[in-house]
Amino acid sequence: MRLTVLGSGAACAGDGGNSSGYLVEDAGVCVLLDCGHGVASTLVSLRPASEIEHIVISHMHADHFIDLLALRFAVTKDITGLAKPQGVLHLPPGGGDALGAILDAVCFPPDFLSSVWNVCEYQSGRSIPLAPGLSARMAGGVHYIPGWGIRLDGSASLTYTGDTAPSDDLCELARGCDLLIAEATLAEPECGPVKGHLTGAQAAELATAAGVARLMLTHFWYDADRDAAADDARRSFHGPIEIARDGLVIYV
Ligand SMILES: [Zn+2]
Ligand SMILES: [Zn+2]
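Keep in mind it's a predicted model, so treat the numbers as computed, not measured.

What counts and how
- Residues numbered from 1 in each chain as written.
- Chains lettered and ligands numbered in written order.
- Predicted model: local features only at pLDDT ≥ 70, side-chain atom pairs only at ≥ 80, totals over all residues.
- Heavy atoms only, no water.
- Helix = DSSP H or I, 4+ residues; strand = E, 2+ residues; numbered from the N terminus.
- Rg over C-alpha atoms; globule rule 2.2 N^0.38 Å.
- Buried < 20%, exposed > 50% of the residue type's maximum accessible area, 1.4 Å probe, protein only.
- Contact = heavy atoms within 4.5 Å.
- Areas by Shrake-Rupley, 256 points an atom, 1.4 Å probe, with all protein chains shown as cover.
- Donors = N, O, S within 2.8 Å, 3.2 Å for Na, K, Ca; no water.
- Tetrahedral: all angles 85-135°; square planar, octahedral: opposite > 155°, others 65-115°.
- Salt bridge = Lys/Arg side-chain N within 4 Å of Asp/Glu carboxyl O.
- Arc of directions from axis to C-beta.
- Polar contact = N/O pair within 3.5 Å; in protein donor to acceptor, adjacent residues only side chain to side chain.

*Asks:* Describe the overall build of the protein, naming the residues involved and giving the relevant values.
*Replies:* Counting its regular elements, the protein contains seven helices and 14 strands. Taken over C-alpha atoms, the radius of gyration comes to 17 Å for the protein, in line with the 18 Å a tight globule of 252 residues would show. The C-alpha extent of the protein, read off along each of the three principal axes, is 55 × 35 × 30 Å. For the protein, buried positions account for 53% of its 252 residues. Look at the contacts in the protein between residues 6 or more apart in sequence, and 62% of them connect residues 24 or more apart. For the protein, the exposed surface amounts to about 10100 Å²; the carbon and sulfur share of it is 55%.

*Asks:* Can you explain the coordination of the zinc ion (ligand 1)? Please cite residues and give values.
*Replies:* Around the zinc ion (ligand 1), the donor atoms from the protein are Asp 63 (OD), His 64 (NE2), Asp 163 (OD) and His 219 (NE2), and they sit 2.1 to 2.2 Å away. The site at the zinc ion (ligand 1) holds four donor atoms, and with the angles between them running 89 to 160°, its shape is irregular. Separating the zinc ion (ligand 1) from the zinc ion (ligand 2) is a gap of 3.6 Å, which Asp 163 spans by donating to each of them. In this pair, His 64 sits in helix H2 (residues 62-65) while His 219 sits in the loop between strand E12 (215-218) and helix H7 (226-234), placing the two residues 155 residues apart along the sequence. Of the two residues, His 64 and His 219, both sit in the buried class.

*Asks:* Got a sec to walk through the pattern of salt bridges? Specific residues and values, please.
*Replies:* Applying the stated criterion across every chain, the model contains eight salt bridges. In this structure, Asp 153 and Arg 151 form a salt bridge, with 3.0 Å as the shortest nitrogen-oxygen distance. Its relative accessible area of 27% is what places Asp 153 among the partly exposed residues. Note on Arg 151: relative accessible area 10%, which makes it buried. In this structure, Asp 231 and Arg 234 form a salt bridge, with 3.0 Å as the shortest nitrogen-oxygen distance.

*Asks:* Talk me through helix H4 (residues 95-105); I want residue IDs and the actual numbers.
*Replies:* Along an α-helix, residues three or four positions apart point the same way, because every turn accommodates 3.6 residues. Those residues of H4 that sit buried are Gly 95, Leu 99 and Leu 103. For H4, the angular spread of buried residues about the axis comes to 70°, placing them on one side. Relative to its buried face, H4 has exposed residues pointing more than 90 degrees away, namely Asp 97, Asp 104 and Ala 105. Residues of H4 that are buried make contact with H2, helix H3 (68-78), strand E5 (88-91) and strand E6 (118-121). Directly after H4, the chain includes Cys 107, whose backbone phi takes a positive value near 60°.

*Asks:* Account for the coordination of the zinc ion (ligand 2), naming residues and giving values.
*Replies:* Around the zinc ion (ligand 2), the protein supplies His 59 (NE2), His 61 (ND1), His 143 (NE2) and Asp 163 (OD) as donor atoms, at distances of 2.1 to 2.4 Å. In this structure, the zinc ion (ligand 2) is surrounded by four donor atoms whose angles at the metal cover 92 to 163°, and the resulting shape is irregular. By relative accessible area, Asp 163 is classed as buried at 2%.

*Asks:* Now, about H7: what can you tell me, with residues and values included?
*Replies:* Regarding H7, the residues found buried are Arg 226, Ala 229, Ala 230 and Ala 233. The buried side chains of H7 occupy one side of the element, clustering within an arc of 100° when seen end-on. Among the residues of H7, the N-terminal cap falls to Asp 225, whose side-chain oxygen and the backbone nitrogen of Asp 227 are separated by 3.3 Å.

*Asks:* Just give me the short version of the side chain of Arg 214, but keep the residues and values in it.
*Replies:* Here Arg 214 lies in the loop between helix H6 (200-210) and E12. In terms of polar contacts, Arg 214 uses its side chain to reach the backbone carbonyl oxygen of Tyr 251, at 2.9 Å. Sequence-distant contacts of Arg 214, defined by excluding residues within four places in its chain, comprise Asp 178, Leu 179, Leu 180, Phe 237, Pro 240, Glu 242, Ile 250, Tyr 251 and Val 252.

Don't take any of this as a statement about function, it's just geometry.
Here you go:
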């Protein structure tokens, strides 16, 4: 299983400048997890957009999906006269209505996305076959809007938290994974009743509780101290820790 970080940033990204996006290649297919701003341009510098068989969106915040519009243009530029949709766009529950409202607001036709991808909404906890030997499963996290973590099981296992505060359900989803890609947005833990993100230390606590082999920290603000987040994480997780950067490739 090969993972390419296309975007490691939060809503306003530093580093390469991209928000969330991860390309996973396994079992002979390409899977894109999230498609925040900048991700489509980086993706098409690596491979044709039409080669992405599955796109899975964690939640409907713009930094996780807005470049679907750009990516759709890239697909039709690759393949003119597309006879029928190819590939699948897996949206969270309610994602179809949210995208429909956006298409309407920007005067794009209602079938702008569905003419290119088979669009469906996933259900929490249900396993989705992506290819022979590769499946996806989602579980709800804790965020300001409904958000889901995504687990892929193939030649290796990987869980991506999306955006979340500490979550028992995501801990169960990630149980025993080879790699946990965990958001580490915050320098300090949130106080107060409304929570939606993790610190590096909290990401590490999640990784330890889930018994994962390896941890990648991601979803950083433009001014985040990524090394400090990793230092905090090392106090609670004793396996290998990667700091996500746009363009980073690792094998799981
Ligand atoms: Zn985000
Ligand atoms: Zn979010």
